[in-house]
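# Structural characterization, general
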Amino acid sequence: MSDIKKDNKNITSFGCTSNGKESFCYILRNSNGLEIAIIDYGATIQSIKIPISSGKKVDVVLGFNHVSDYEKSFTLSGAPFIGAVVGRYAGRIKNGSFKLNDDVFQLNRNLGQHHLHGGKTNFSNSFWNVISHSNNCITLEYISKDLEENYPGDLTVQVTYNLSDIDELEITYTAKTTKDTIINLTQHSYFNLDGHEKTIENQKLQVTCSEILETDEENVPTGNFSNIIDTSFDFLTFKNCPTKIDTSFVISNNSTSVATLKSTENKIQMQVFTNQPSVHIYVGGNCENKIIGKNNVNYHALSGICFETQNYPDAPNHSNFPNAILRKNETYNQKTSFKFEKI
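How each quantity is defined
- Residues numbered from 1 in each chain as written.
- Predicted model: local features only at pLDDT ≥ 70, side-chain atom pairs only at ≥ 80, totals over all residues.
- Heavy atoms only, no water.
- Salt bridge = Lys/Arg side-chain N within 4 Å of Asp/Glu carboxyl O.
- Helix = DSSP H or I, 4+ residues; strand = E, 2+ residues; numbered from the N terminus.
- Buried < 20%, exposed > 50% of the residue type's maximum accessible area, 1.4 Å probe, protein only.
- Polar contact = N/O pair within 3.5 Å; in protein donor to acceptor, adjacent residues only side chain to side chain.
- Contact = heavy atoms within 4.5 Å.
- Pairing = 2+ DSSP bridges.
- Axes fitted to C-alpha atoms, helices over the stretch in contact; angles between N-to-C directions.

### Things to note about the pattern of salt bridges
- This structure, assessed with the given rule, holds seven salt bridges.
- Salt-bridge contacts for Arg 327 lead to Asp 180; the nearest nitrogen and oxygen are separated by 2.8 Å. Linking Arg 327 in the loop between β27 (325-326) and β28 (332-342) with Asp 180 in the loop between β14 (168-177) and β15 (181-182), this pair joins segments that are 147 residues apart in sequence.
- Accessibility expressed as a relative area gives 31% for Arg 327, which makes it partly exposed.
- A salt bridge links Lys 339 to Glu 341; the shortest N-O distance between them is 3.9 Å.
- According to the relative accessible area criterion, Glu 341 is partly exposed, its value standing at 26%.

As structure tokens, this is what we get:
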């Protein structure tokens, strides 16, 4: 550990991976007592602790107490990507291939015949360099080399987590590439406002979107859109959290919150804001009863809900979807905020 890290009470060792590389945990705090822990492995949100009464805080995201547990989670079939930044391309890419500038790129396939969340060596199971860290803000950087997972170009990505005194966690992503490439970044925290040891079944969800992406039997977008009015995907008014969902909601208005999660037990809510064209909401998955999280909690399919703000999955293969290409000398910009409020 460096002398700077030794002298900083907001930076602690987070253990070592199987190859002996040490990870560190960085704490952010605001004036209201909200506390967020970020680790350099995957630029991961390890905890979000919100004051709910005098002397009591609730941790509202899933996570682990040691970097080796994050590492092991990626060996499971259906790796959960708990709390990590996802890239180079979040979501599915059909058959793992796309065409760019008349060249066809074949990515590694890690979900049957398809490519998911950046492939096998991805942003979520790699170490990021910490560029800066203060009491309420941290910036981390990852350099994805040319042809990593067969993506073109050296891609330099920075993510900044900034915690405000109005209890809003703002996440900004920037990226530049040495060659034209595709990119789609998101954050993969599993939220549970009742506390990470509870289930989400009694929490209320609102999603201010009237369309979803139509998908095939393997949950790959077809290129069409479906209206959700009066369907099981209609969350325009508050309803109980779904017990299983893996769906991209189409955002039509970025000036307001795109989703809100509410806990009547702890009397807090979280609003989601983004400049992205969709929010992919995910509950479920097969945890194989092998994921033991913080405080020795057995995580399961109903332990948390994800709000993956991003471009559309498989956008590079659909001309009617938003552009997913980052050109050389251009800058990628993504912004998402999670705002916590008492109700």
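### Quick notes on the side chain of Gln 206
- With respect to the helices and strands, the residue Gln 206 is situated in strand β18 (residues 204-207).
- A polar atom in the side chain of Gln 206 sits 2.9 Å from the backbone oxygen of Leu 236.
- What Gln 206 contacts, discounting residues up to four positions off in sequence, is Phe 235, Leu 236, Thr 237, Phe 238, Val 258, Ala 259 and Thr 260.

### Brief notes about the side chain of Gln 310
- With respect to the secondary-structure elements, Gln 310 resides in strand β26 (residues 305-310).
- Those residues within four positions of Gln 310 in sequence are excluded, and the remaining contacts are Ala 90, Asn 184, Leu 185, Thr 186, Gln 276, Pro 277, Ser 278 and His 280.

### Details of the environment of Phe 321
- Counting through the fold element by element, Phe 321 comes out in the loop between β26 and β27.
- Overall, Phe 321 belongs to the buried group, its relative accessible area being 7%.
- Note: C-alpha distance between Phe 321 and Pro 277 (44 residues apart in sequence) is 9.5 Å.
- If we ignore the near neighbours within four places in the chain, the residues touching Phe 321 are Leu 213, Pro 221, Gly 223, Phe 225, Tyr 312, Pro 313, Asp 314 and Ala 315.

### Thoughts on the pairing of strand β1 (residues 11-16)
- Bridge count for β1 against strand β2 (residues 22-29) is four bridges, and the pairing is antiparallel. Across the sheet, Ile 11 pairs through a bridge with Tyr 26, a residue of β2.
- Connecting β1 to the next strand, β2, in antiparallel fashion are five residues, including Gly 20 with a positive phi near 90°.

### Regarding the sheet that holds β1
- Ordered in space as β1-β2-β3-β4-β5, the five strands form an open sheet in which the pairing is antiparallel. On the outer flanks of this sheet lie β1 and β5 (56-59), each paired with one strand and no other. Here the average twist between neighbouring strands, direction ignored, is 25°.
- Sheet topology note: the strand β3 (residues 35-39)/strand β4 (residues 44-53) ladder contains five bridges and is antiparallel. Paired with Glu 35 across the bridge in β4 is Lys 49.

### Brief notes about unusual backbone geometry
- The peptide bond linking Gly 87 to Arg 88 adopts the cis configuration, its omega dihedral lying at 10°.
- Structurally, the position occupied by Arg 88 is in the loop between β6 (85-86) and β7 (92-93).
- A positive phi angle, close to 55°, is found at Asn 95, a residue other than glycine.
- Mapped onto the elements of the fold, Asn 95 is located in the loop between β7 and β8 (97-100).

### Some remarks on the sheet that holds strand β23 (residues 259-263)
- Taking strand neighbours across the sheet as the criterion, the nine strands line up as β11-β12-β13-β14-β28-β24-β23-β18-β21 in an open arrangement whose pairing is antiparallel. Each of the sheet's edge strands pairs with one partner strand only, and the pair in question is β11 (129-133) and β21 (239-240).
- In this sheet, β21 lies alongside β18 in antiparallel orientation, the contact comprising two bridges. When the sheet's bridge partners are listed, Leu 205 is paired in β21 with Lys 239.

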